Amino acid sequence: MDAIHQRRSVRNYTQQAIDKATVNAVLNAAVLAPTAMHQEPWSFVVIQDRGVLDRLSDKCEEQVREEAKRGDFPSSKHRLHLAGVPEFHVFHKAGTLIIICGKHTGPFVAADCWLAAENLMLAACANGLGTCVIGFAVEALNTAEWKAELKIPNEMTVIAPIIIGVPASEPPATSRKPPEILLWK
Ligand SMILES: Cc1cc2nc3c(=O)[nH]c(=O)nc-3n(C[C@H](O)[C@H](O)[C@H](O)COP(=O)(O)O)c2cc1C
């Protein structure tokens with residue numbers, strides 16, 4: 001319950017690197033998630049190379065600008081706005097990105113991967129680390145170019161990119177509406 005209540009999306013990180021043991025600990029927590037028909041349909045990519053993260057951030061921003069130039073309604077006005085902010089970095093300058101990939105297609109593959117994602121984020125939080133899902137990067141990561149660069153087999157799908165690091169500041173408090181109960185018979 002402590003981790004559930006304390007977890008917040010962190011968008012400001014120190015430059016302190018996350019060591020291998022810590023990455024393995026959160027990955028081990030991720031794979032304890034419930035999984036439909038015990039398929040365990042997840043694979044992980046860990047990126048700690050600053051150059052790769054910067055290039056990927058640039059690619060995500062470029063994609064949004066191109067959508068706008070083509071006159072396509074950008075998938076999100078918010079993303080387009082962010083892409084225009086000079087200091088913006090899609091990964092909030094975090095030093096580690098963990099990408100959860102679905103190994104095949106199937107009705108519950110995405111569900112399993114998101115459950116693994118939440119386990120990972122709660123485990124990180126319980127260890128004093130911050131995380132944030134980066135949906136902004138999903139489209140770029142699913143291009144043939146980036147799958148090839150990151151050795152993600154073509155039949156796999158990137159589902160949940162998550163940054164992780166040591167928080168540099170306390171994230172602002174957020175709130176939630178109370179659960180809306182449609183029926184309780
Ligand atoms: C599917 C998904 C995609 C998200 N994508 C981004 C993103 O691209 N960049 C970002 O800074 N936060 C992203 N977030 C984080 C949300 O903005 C955040 O969870 C929400 O504002 C609630 O705040 P909290 O996580 O601190 O409770 C994403 C969250 C989810 C679940």
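Bear in mind that the values here come from a model prediction, so they are computed numbers and not experimental data.

> Looking at this model, I keep getting lost on the overall build of the protein chain. Mind explaining?
Across its full length, the protein chain holds seven helices and four strands. Reading the protein chain from its N terminus to its C terminus gives the helix and strand order α-α-β-α-α-β-α-β-α-α-β. The globule rule puts the C-alpha radius of gyration for 185 residues at 16 Å, and the 17 Å found for the protein chain is close to it. Dimensions of the protein chain, computed from C-alpha atoms along their principal axes, come out at roughly 50 × 40 × 40 Å. Excluding contacts between residues fewer than 6 apart, the proportion of contacts in the protein chain whose partners are at least 24 apart in sequence is 81%. In the structure as shown, the protein chain presents an accessible area of about 10800 Å², 57% of it carried by carbon and sulfur atoms. Within the protein chain, one finds 19 positive and 20 negative side-chain charges whose respective centroids are separated by 3 Å.

> Teacher, can you tell me more about the site of the ligand here?
Taken together, 13 residues lie around the ligand, and Arg8, Ser9, Arg11, His92 and Gly135 are the ones closest in. Measuring from an oxygen atom of the ligand, one finds a side-chain N or O atom of Arg11 at 2.7 Å. Within the complex, the protein chains bury 61% of what would otherwise be the 630 Å² of accessible surface of the ligand. Counted by class, the shell around the ligand contains five nonpolar, four polar and four charged residues.

> What is the right way to read the side chain of Gln63 from this model?
Along the polypeptide, Gln63 turns up in helix H3 (residues 50–69). The contacts of Gln63, once residues within four sequence positions are left out, are Glu139, Ala140 and Thr143.

> How should the nonpolar core be read in this particular structure?
Soluble globular proteins: nonpolar side chains tend toward being buried together. Core analysis: the biggest nonpolar cluster contains 30 residues, and Phe91, Ile99 and Leu150 have the highest contact counts within it. Contributions of two or more residues to this core are made by strand E1 (42–47), H3, helix H4 (77–83), strand E2 (96–102), helix H6 (138–141) and strand E4 (157–165). Setting aside its immediate chain neighbours within four residues, Ile99 contacts Ser43, Phe44, Val45, Ile47, Leu141, Leu150, Val158, Ala160 and Pro161. Core analysis: the second largest hydrophobic core is formed by 24 residues, Trp42, Cys113, Ile159 and Ile164 among them.

> I would appreciate a short explanation of the environment of Trp114 in the present structure.
Within the secondary structure, Trp114 is located in helix H5 (residues 109–126). Considered as a pair, Trp114 and Val158 are 44 residues apart in the sequence and their alpha carbons are 11 Å apart. With residues up to four places along the chain from it excluded, the contact list for Trp114 reads Val133, Ile159 and Ala160.

> What am I meant to see in H3 here?
Structural remark: α-helix, 3.6 residues per turn; residues separated by three or four positions point the same way. Over its 20 residues, H3 runs 29 Å from end to end, which matches the ideal 28 Å to within 8%, given 1.5 Å per residue. Taken together, the buried positions of H3 are Val52, Leu53, Leu56, Ser57, Lys59, Cys60, Glu61, Gln63, Val64 and Glu67. Where H3 is buried, its residues meet E1, H4, E2, H6 and helix H7 (144–149). At the N-terminal boundary of H3, the capping side chain belongs to Asp49, with an oxygen 2.9 Å from the backbone nitrogen of Gly51.

> I keep staring at the pairing of E4 and nothing clicks. Help me out?
Of all nine residues that make up E4, eight are buried, and the element is covered over most of its length. In this sheet, E4 lies alongside E2 in antiparallel orientation, the contact comprising seven bridges. Each bridged residue has a counterpart across the sheet, and for Cys101 the counterpart in E4 is Val158. Judged from the four bridges that link them, strand E3 (residues 130–133) and E4 form a sheet pairing that is antiparallel. What sits directly across from Gly130, in E4, is Gly165.

> Sorry if this is basic, but what is going on with H5 here?
The end-to-end C-alpha distance of H5 is 26 Å, a good match for the 26 Å that 18 residues give at a rise of 1.5 Å each. Buried residues of H5: Val109, Asp112, Cys113, Ala116, Ala117, Leu120, Met121, Leu122, Ala123, Ala124 and Cys125, and no others. Where the residues of H5 are buried, they touch helix H1 (2–6), helix H2 (20–30), E1, E2, E3 and E4. Positive backbone phi, approximately 80 degrees, marks Gly128, located one or two places after H5.

Definitions and limits used
- Residues numbered from 1 in each chain as written.
- Predicted model: local features only at pLDDT ≥ 70, side-chain atom pairs only at ≥ 80, totals over all residues.
- Heavy atoms only, no water.
- Helix = DSSP H or I, 4+ residues; strand = E, 2+ residues; numbered from the N terminus.
- Rg over C-alpha atoms; globule rule 2.2 N^0.38 Å.
- Contact = heavy atoms within 4.5 Å.
- Areas by Shrake-Rupley, 256 points an atom, 1.4 Å probe, with all protein chains shown as cover.
- Lys, Arg positive; Asp, Glu negative; His and termini not counted.
- Charge placed at Lys NZ, Arg CZ, Asp CG, Glu CD.
- Near = heavy atom within 4 Å.
- Polar contact = N/O pair within 3.5 Å; in protein donor to acceptor, adjacent residues only side chain to side chain.
- Nonpolar A, V, L, I, M, F, W, Y, C, P; charged D, E, K, R; others polar.
- Core = buried A, V, L, I, M, F, W, Y, C linked by side-chain atoms within 4.5 Å.
- Buried < 20%, exposed > 50% of the residue type's maximum accessible area, 1.4 Å probe, protein only.
- Expected span 1.5 Å × (residues − 1).
- Pairing = 2+ DSSP bridges.

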